[in-house]
Amino acid sequence: MKKSLLALALMGAFSVAQAQSSVTIYGTLDAGVSRRTDTDVTAVGKRDNNKLGFRGVEDLGSGLKALFQLEIRYEPDTGVIESTVRPLFQGQSRVGLQGDFGTIRLGRGLTAFQETSTFYEPWSGMPAVAGYQTDLQVAGYTSDPMSVAGNSLNRFSNAVFYNSPVIGGIFQLNLTVATKEANNNPVIIGRGTAAAPQFPANSMAPVNPYSISATVTQGPFSAYGAYERNAVSTKLWSVGAYFKPIPDLKLMGSYQRQDQDYSVPLNPITKAWLLGLNYNVGPGLIRAGFGRKTPDNVLNSPAIAKTKQFSLGYDYNLSPRTYLYVDGTRKKITPAATFNFYSVGIHHNF
Amino acid sequence: MKKSLLALALMGAFSVAQAQSSVTIYGTLDAGVSRRTDTDVTAVGKRDNNKLGFRGVEDLGSGLKALFQLEIRYEPDTGVIESTVRPLFQGQSRVGLQGDFGTIRLGRGLTAFQETSTFYEPWSGMPAVAGYQTDLQVAGYTSDPMSVAGNSLNRFSNAVFYNSPVIGGIFQLNLTVATKEANNNPVIIGRGTAAAPQFPANSMAPVNPYSISATVTQGPFSAYGAYERNAVSTKLWSVGAYFKPIPDLKLMGSYQRQDQDYSVPLNPITKAWLLGLNYNVGPGLIRAGFGRKTPDNVLNSPAIAKTKQFSLGYDYNLSPRTYLYVDGTRKKITPAATFNFYSVGIHHNF
Amino acid sequence: MKKSLLALALMGAFSVAQAQSSVTIYGTLDAGVSRRTDTDVTAVGKRDNNKLGFRGVEDLGSGLKALFQLEIRYEPDTGVIESTVRPLFQGQSRVGLQGDFGTIRLGRGLTAFQETSTFYEPWSGMPAVAGYQTDLQVAGYTSDPMSVAGNSLNRFSNAVFYNSPVIGGIFQLNLTVATKEANNNPVIIGRGTAAAPQFPANSMAPVNPYSISATVTQGPFSAYGAYERNAVSTKLWSVGAYFKPIPDLKLMGSYQRQDQDYSVPLNPITKAWLLGLNYNVGPGLIRAGFGRKTPDNVLNSPAIAKTKQFSLGYDYNLSPRTYLYVDGTRKKITPAATFNFYSVGIHHNF
């Protein structure tokens, strides 16, 4: 609201005891205790992202809506912003319009590929150690190689986000395009040298990052295809599907392939696949997954890390907003490490 | 609320399903796409400040009110706090009382001059490239020279803010005074030397910064006068007016003069003036402006930058809270640069 | 809320104009003007912590509740996060369950000792210069020696918090246990050397920090005992009581002893005691306190600082949520400094 010269005298008018409807506050806390066998550390930490968000929808008439969403991310065990260097609104900061044409938003948020793929991942896209989203679901790919070190790997800043309507109730197309603006990257040597790096510090991207995903959903079956190119011109494509033989059982799988040839001279290809399931049983949900990530040339170069992961988890619903969880994973990153990871905790939405 | 020993047992009592009236959440998202001709960069960015704020008014009886306001500022395209180094509550953090005597608040916020002048500026004080507030409206002056590099230029921290009532419906006086407390400034050499700077790092101000503005508003006419002295004893005075020949048309102009003599040995004077208009036409608002900033001695020293700016803009209202905008500006900073800047975007209040 | 593929089309359903009951926003602003006689600085600052918080309670049925609380802390005079290096949710970030068994929460917050002791301190635990909580109430002890420099001194991160029910309406037990996780501490030489410090940078704690407090409250009388061991194995115990001869008068006192023997080779003991009162008179509250902090061996080593403090304060209630305050303190830290400190300001809860 723009202030008038009489704003102070009238300020009382803004604070009437009515429900404020222009913004909704929401969030998630997820905290638990975990143990990792190779380091022998018992930790208090998280499984899901912890969020504090603000969003709203305004009806503009004629089927048109304005919408916005701002989301803070934090670590509940230490109270800090994620990685301490990530943006305040690490979850997203977007504003836009929705209508018969679909939805168009500006700002920062998950790319089309990253957002779509979470529906085909057995840990629902959570950054859990037992989950697959941060590693195998993306074949080790990062959407944002040219921001500060420690940044998140699945978003575009300075972007336009388009989501088509769900056409015929079946098909949806999503597209994200970002500018080439510099965003404080550290030096990336790439195919250059230390003296002449391929990507100097805080430089503009050579290409516009973009991301496309398409989904087809019909009854118990859904499939997606996605393609993305990031600011250092790494290409990733990914396909996946889920099938619900009965409504409570969701079987899913995906396959993805990353090509870093533009910036990585040796072994630029990484492939990964995973299979998973979600099974609603009584007041709970069983999660299970198995997958592999295989970089290029791993057969000839045993030093290159090949990853295998098997995970099992259970969410016990105390209410529609709150559940207790337990999960365990066995991760083999040959030849580097093999470990088990167990966690138990509580997840609360508001 | 102070917690009692039984606080935990009673916590349930705090969460009844009633409208909470002690605080109002508000905000603004403004994101768009812009292009600047000299750098050839296409960017996603902002025109207006992006805000997330919390404010409240409490009726204390007998015409007395308590009031507070906290406002976060951020960049929607990257999700970060402004400049990453500014305070969390960059917009303001103030608390105080309002009554027949006027309003008195403590904390941090826009100075009297800075806040008053926004009503006489054709871009409503927005930090838009096409606007005048950040540069010509203040003749290049900064209210806060002694905080960290990258800080905002129009606020006092550690201050007392007084606003008189609107006397006779016509006249209002505003006064801001700040302490001399140090606030992490980098070294400012000023009239000193590198070995003995005039303002060492993190030093106290030699004078109390203060700011006075007075407005006279009668029907279609309003005028202001303002005077400010900052922590390095730079003086600025400014006068301006607006006139509404018809209710939908606001013609405005201002003139300001900055004197940095206390800390700048050469060419300490800067003058600026601007003219502008706001014209409500149908569902939209036309903005236009023209102005010049002329530092001292510019005729004798062609290397000193003299600025000319012409801007045109249009806001198209989709609702009282949401508009689309487009603007363009031509800025000549002779001899340094000449460029055009265009932007189009969406502005949403909640 | 997990997003479905149709989330965008349905987003309108989330923004109905009803009172949102899953989260309550609350906060405190406290700003005033102070003067300290030894430095001769007049400052705008705070007496109480300034807060912006979000909390909620969800009824899960059968007497079980889920609860969460997130609290931002800031400085109202400069708008920054406390010390600029503290976590965003410096106040607390906790989630948990409450039932007949008591309350169990995970995350970061005040330790059992720190939280209990605030009820026996005449400035209600406020970090006021005139208060006793930050120094004499804890005999100079810090709960968190192994986080970044500038961190707060009274919380555990990575912890489990248990509070028993109030048994028989009289007795309550509180327990906090933290993991040994590293949390970015700077080097602590301790009983080691600069080359081989006892606690290297960012190292794990040698012991689990824990904190126990128990309170007994019967009518006008209440007493507590507490014991805490921090991450560098410093031990602190503390006892205190209050008595209300009439309901409006609360007389309190406490005694505490800190032993840093594990990490401090010389004079590891510090003792402190304080007496105080709170007296509700008419629309106000009188606060008074007197106390001493005496490190080990102070008689033999005059250079070791011994602290005496006398304070007087008055809160004048404008409403149940808003008061004006004034206080003064005389603090002697022999041989280092003696000063008086005066402040006056406003405190507003929302």
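Being a predicted model, the structure only gives us computed values, none of them experimental.

A. Quick peek at the overall build of chain A. Each helix and strand in chain A was counted, giving two helices and 17 strands. Dimensions along the principal axes, computed over C-alpha positions, put chain A at roughly 75 × 55 × 45 Å. Every one of the 350 residues in chain A was classed for burial, and the buried ones make up 55%. The long-range fraction of contacts in chain A, counting pairs at least 24 apart against all pairs at least 6 apart in sequence, stands at 54%. Carbon together with sulfur atoms contributes 61% to the accessible area of chain A, which is approximately 13,700 Å² in total. Across chain A, the 32 positively charged side chains and the 23 negatively charged ones have centroids separated by 3 Å.

B. Up close: the interface of chain B and chain A. Taken together, the contacts link 51 residues of chain B with 44 residues of chain A. For the pairing of chain B and chain A, the buried interface totals around 4,000 Å² over both sides, and the portion due to carbon and sulfur atoms is 68%. Applying the counting rule to chain B against chain A returns one salt bridge. One salt bridge connects A:Glu58 with B:Arg321, and the closest N-O pair in it is separated by 3.9 Å. At the boundary of chain B with chain A, the tally comes to seven residue pairs in polar contact (both at pLDDT 80 or more). When residues of the side of chain B that touches chain A are traced back to their parent elements, those giving at least two are strand E1 (24–36), strand E2 (41–45), strand E3 (50–61), strand E4 (64–74), strand E6 (102–110), strand E9 (210–218), strand E16 (322–334) and strand E17 (337–349) of chain B. Looking at the side of chain B that touches chain A element by element, the count peaks at seven residues for E1(B).

C. Structural detail: the relation of the copies chain B and chain A. For the match of chain B to chain A, the screw axis carries a shift of 0.0 Å, the RMSD comes to 0.0 Å, and the turn is 120°. Given the turn and translation reported, the copies of this chain are related as if by a three-fold rotation axis. When the interface residues of chain B are mapped onto chain A, a mere 8% of them again lie at the interface, so each copy presents a different face.

D. Representation of the pattern of salt bridges. All names here are of chain B. Evaluation of the coordinates by the stated rule reveals 42 salt bridges over all chains. For Glu-82, the salt bridge is made with Lys-46, and the minimal N-O distance between the two is 3.6 Å. Of the two residues, Glu-82 is situated in the loop between E4 and strand E5 (92–99) and Lys-46 in the loop between E2 and E3; the sequence distance between them amounts to 36 residues. Take Lys-46: its relative accessible area is 28%, and that puts it in the partly exposed class.

E. Layout of the packing of aromatic side chains. Under the criterion given, the structure shown has 33 aromatic pairs over all chains. Centre to centre, the rings of A:Phe350 and C:Phe68 are 4.1 Å apart; their planes meet at 15°, and the pair counts as stacked. Here A:Phe350, found in the segment after strand E17 (337–349), pairs with C:Phe68, found in strand E4 (residues 64–74), and the two come from separate chains. Grouping residues by exposure puts A:Phe350 and C:Phe68 together as buried. Each member of the aromatic cluster is reached from another via a ring pair, and the members are A:Phe54, B:Phe54 and C:Phe54. Across the ring face of A:Phe161, the terminal group of A:Arg94 is positioned such that the distance to the ring centre comes to 4.6 Å. When the ring centre of C:Tyr325 is taken as origin, the NZ or CZ atom of C:Arg47, which lies over that ring, is 4.2 Å away.

F. How the structure looks around the side chain of B:Asn163. Among the structural elements, B:Asn163 can be located in strand E7 (residues 155–163). Within the structure, the side chain of B:Asn163 is placed 3.1 Å from the side chain of B:Arg105, a separation counted as a polar contact.

G. Summary view of the relation of the copies chain B and chain C. With an RMSD of 0.0 Å, the operation that places chain B on chain C is a rotation of 120° combined with a shift of 0.0 Å along the axis. When you check the interface residues of chain B against chain C, a mere 9% turn up at the interface there too, and the two sides of the contact use different surfaces.

H. A look at the pairing of strand E1 (residues 24–36) of chain A. Residue and element names in this part refer to chain A. Burial analysis of E1 places ten of its 13 residues in the buried class, which makes it a mostly covered element. Pairing between E1 and strand E3 (residues 50–61): five bridges, direction antiparallel. Within the sheet, the bridge partner assigned to Tyr-26 lies in E3 and is Gly-53. Where E1 meets strand E2 (residues 41–45), five bridges bridge the pair, whose relative direction is antiparallel. Within E2, the residue paired with Arg-35 across the bridge is Thr-42. In textbook terms, the turn of a hairpin is the stretch between consecutive antiparallel strands, and for E1 and E2 this stretch comprises four residues, one of which, Asp-40, has a positive phi near 65°.

I. Broad picture of the environment of A:Thr142. All names here are of chain A. Relative to the assigned elements, Thr-142 resides in the loop between helix H2 (112–117) and strand E7 (155–163). Sequence separation between Thr-142 and Ser-152 is ten residues, and the spatial gap between their C-alpha atoms is 8.3 Å. Sequence-distant contacts of Thr-142, defined by excluding residues within four places in its chain, comprise Leu-153 and Asn-230. At a separation of 3.1 Å, a polar atom in the side chain of Thr-142 contacts the main-chain amide nitrogen of Asp-144.

J. Representation of the confidence of the model for chain A within the structure. All names here are of chain A. The pLDDT averaged across chain A works out to 91; a share of 92% of its residues lies at or above 70. Taken together, the stretch residues 1–18 has pLDDT below 50 and engages in 32 contacts with residues farther than four places along the chain or on a different chain. Here the prediction assigns the complex a pTM of 0.93, and the interface score ipTM is 0.92.

K. Spotlight on the interface of chain B and chain C. With 44 residues of chain B at the interface, the matching set in chain C holds 52 residues. Our count for the contact surface shared by chain B and chain C stands at seven residue pairs in polar contact (both at pLDDT 80 or more). At the level of elements, helix H1 (7–10), E3, E4, E5, E6 and E7 of chain B are the ones that each hand at least two residues to the side of chain B that touches chain C. Considering each element in turn, the side of chain B that touches chain C owes the most residues, five residues, to E5(B). The residue inventory of the side of chain B that touches chain C, partitioned by class, reads 25 nonpolar, 13 polar and six charged.

Rules of the game
Residues numbered from 1 in each chain as written. Chains lettered and ligands numbered in written order. Predicted model: local features only at pLDDT ≥ 70, side-chain atom pairs only at ≥ 80, totals over all residues. Heavy atoms only, no water. Helix = DSSP H or I, 4+ residues; strand = E, 2+ residues; numbered from the N terminus. Buried < 20%, exposed > 50% of the residue type's maximum accessible area, 1.4 Å probe, protein only. Contact = heavy atoms within 4.5 Å. Areas by Shrake-Rupley, 256 points an atom, 1.4 Å probe, with all protein chains shown as cover. Lys, Arg positive; Asp, Glu negative; His and termini not counted. Charge placed at Lys NZ, Arg CZ, Asp CG, Glu CD. Buried area = accessible area lost by both parts, 1.4 Å probe. Salt bridge = Lys/Arg side-chain N within 4 Å of Asp/Glu carboxyl O. Polar contact = N/O pair within 3.5 Å; in protein donor to acceptor, adjacent residues only side chain to side chain. Least-squares fit on C-alpha atoms with pLDDT ≥ 70 in both. Phe/Tyr/Trp six-rings, centres within 6.5 Å; stacked < 30°, edge-to-face > 60°. Lys NZ or Arg CZ within 6 Å of the ring centre and 35° of its normal. Pairing = 2+ DSSP bridges. pLDDT = per-residue confidence, 0-100. Nonpolar A, V, L, I, M, F, W, Y, C, P; charged D, E, K, R; others polar.

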